[in-house]
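Observations on chain architecture
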Amino acid sequence: MYHRLASVAVLSCGVLLLAGCSGTSAGMTGGRVALNLMKKDSYLRIRLDGQKGKQSTLKKAATGYSRWEIKEPVSTSPKLQFEIRDPDRFGRITTVSVQIHQEFEADYSHLAEFKVFAVSKDTQAQMKPGVEYDLGAPGEGFKVLNVTDDEVSGVELKPGLKHMLVLTVVADKSETAQIYFETK
């Protein structure tokens, strides 16, 4: 990781010097790039149908943020697995929920197509890291609501569309991760 940070910082400084920027300006920009790359956007990591969500390193270096994306299309009833890096950072987890939003015009609908959450408020009933959940049939302990808040048996997305999955972990230090994907 640090080799990549150093390489990007040196490369950006070199490009800026060749472009006529001062050494100080190039050094400051290179430092900003390195800081952007070291910044942790999320302690959550998500997999859909076994594919790991990834960020663009170049975009993160330039802007400080890059969307989490799944490269290949996933099924219309994907399987979800998440991991928590540095679980101590979260403290006591009380709720884990999933929302899936469909692409709408040039953005994503504010209305969730599906919401998935544990039926019980008990912390032991919540989704757990490292467990794969079939969103098409999540099981007895979970409730799935569609866009009109009707209870359905599972997630069934429209094929060929872009979606955004929002995973929220409510805890002493809550966190939400967004991941973008397309269905087959």
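Just above sits the structure.
First, a word on scope: everything that follows refers to the structure included in this document.

What follows covers a positive patch on the surface. On the surface, Arg47, Lys52, Lys54, Lys71 and Arg85 cluster together to form a positively charged patch. Mapped onto the elements, Lys71 comes out in the loop between β3 (68-69) and β4 (79-84). Owing to a relative accessible area of 64%, Lys71 belongs among the exposed residues under this scheme.

Attention shifts here to the pattern of salt bridges. Using the criterion set out here, one finds 4 salt bridges in the structure. Taking the shortest distance from any N to any O, the salt bridge between Glu69 and Arg67 comes out at 3.4 Å. For Glu69, a relative accessible area of 30% gives the class partly exposed.

With that settled, the discussion passes to empty space enclosed by the protein. Throughout the structure, instances matching the rule amount to 1 cavity of 30 Å³ or more. In terms of lining, the largest cavity is formed by Ser42, Leu44, Arg45, Ile46, Trp68, Ala177, Gln178 and Ile179. Residues of the lining of the largest cavity, tallied by class, amount to 5 nonpolar, 2 polar and 1 charged.

Once that is clear, we can look at the sheet that holds strand β1 (residues 44-48). Strand order across the open sheet formed by 4 strands is β2-β1-β4-β7, with antiparallel pairing between neighbours. With one partner strand each, in any of the chains shown, β2 (51-52) and β7 (133-134) form the two edges of the open sheet. Note: β1 against β4, 5 bridges, orientation antiparallel. Bridging across to β4, Leu44 finds its partner in Ile84.

Within the chain, Asp49 stands out as a residue other than glycine whose phi angle is a positive 50°. Here Asp49 lies in the loop between β1 and β2. Of the residues examined, Asp49 reaches a relative accessible area of 29% and is grouped as partly exposed. The phi angle at Glu105 is positive, at roughly 55°, despite the residue not being glycine. You can see Glu105 is positioned in the loop between β5 (93-104) and β6 (107-118).

Moving on to the pairing of strand β10 (residues 162-171). The side chains of a regular strand alternate, residue by residue, between the two faces of the sheet. Counting buried positions over the 10 residues of β10 gives 8, a clear majority of the element. Strand direction decides the pairing type here: β5 and β10, joined by 9 bridges, are antiparallel. What sits directly across from Ile100, in β10, is Leu165. Hairpin connection, β10 to strand β11 (residues 175-182): the antiparallel pair is bridged by 3 residues.

A large share of strand β8 (residues 142-146) lies buried, amounting to 4 of its 5 residues. Sheet topology note: the β6/β8 ladder contains 5 bridges and is antiparallel. Across the sheet, the residue bridging to Ala118 is Phe142, located in β8. Both β8 and strand β9 (residues 151-152) contribute to a ladder of 2 bridges, which runs antiparallel. Residue pairing across strands places Val144 opposite Val152, the latter belonging to β9. What sits between β8 and β9 in their antiparallel hairpin is a turn of 4 residues, with Asp149 showing a positive phi close to 65°.

Calculation rules
- Residues numbered from 1 in each chain as written.
- Predicted model: local features only at pLDDT ≥ 70, side-chain atom pairs only at ≥ 80, totals over all residues.
- Heavy atoms only, no water.
- Patch = residues over 30% accessible without salt bridge, like charges linked within 9 Å, V, L, I, M, F, W, Y side chains within 5 Å.
- Areas by Shrake-Rupley, 256 points an atom, 1.4 Å probe, with all protein chains shown as cover.
- Salt bridge = Lys/Arg side-chain N within 4 Å of Asp/Glu carboxyl O.
- Lys, Arg positive; Asp, Glu negative; His and termini not counted.
- Charge placed at Lys NZ, Arg CZ, Asp CG, Glu CD.
- Helix = DSSP H or I, 4+ residues; strand = E, 2+ residues; numbered from the N terminus.
- Buried < 20%, exposed > 50% of the residue type's maximum accessible area, 1.4 Å probe, protein only.
- 1 Å grid on protein atoms, 1.4 Å probe; cavity = no way out; pocket = protein on both sides within 12 Å on 5 of 7 lines; lining within 4 Å.
- Points joined across faces, edges and corners; volume = space filled by probe spheres on them.
- Nonpolar A, V, L, I, M, F, W, Y, C, P; charged D, E, K, R; others polar.
- Pairing = 2+ DSSP bridges.

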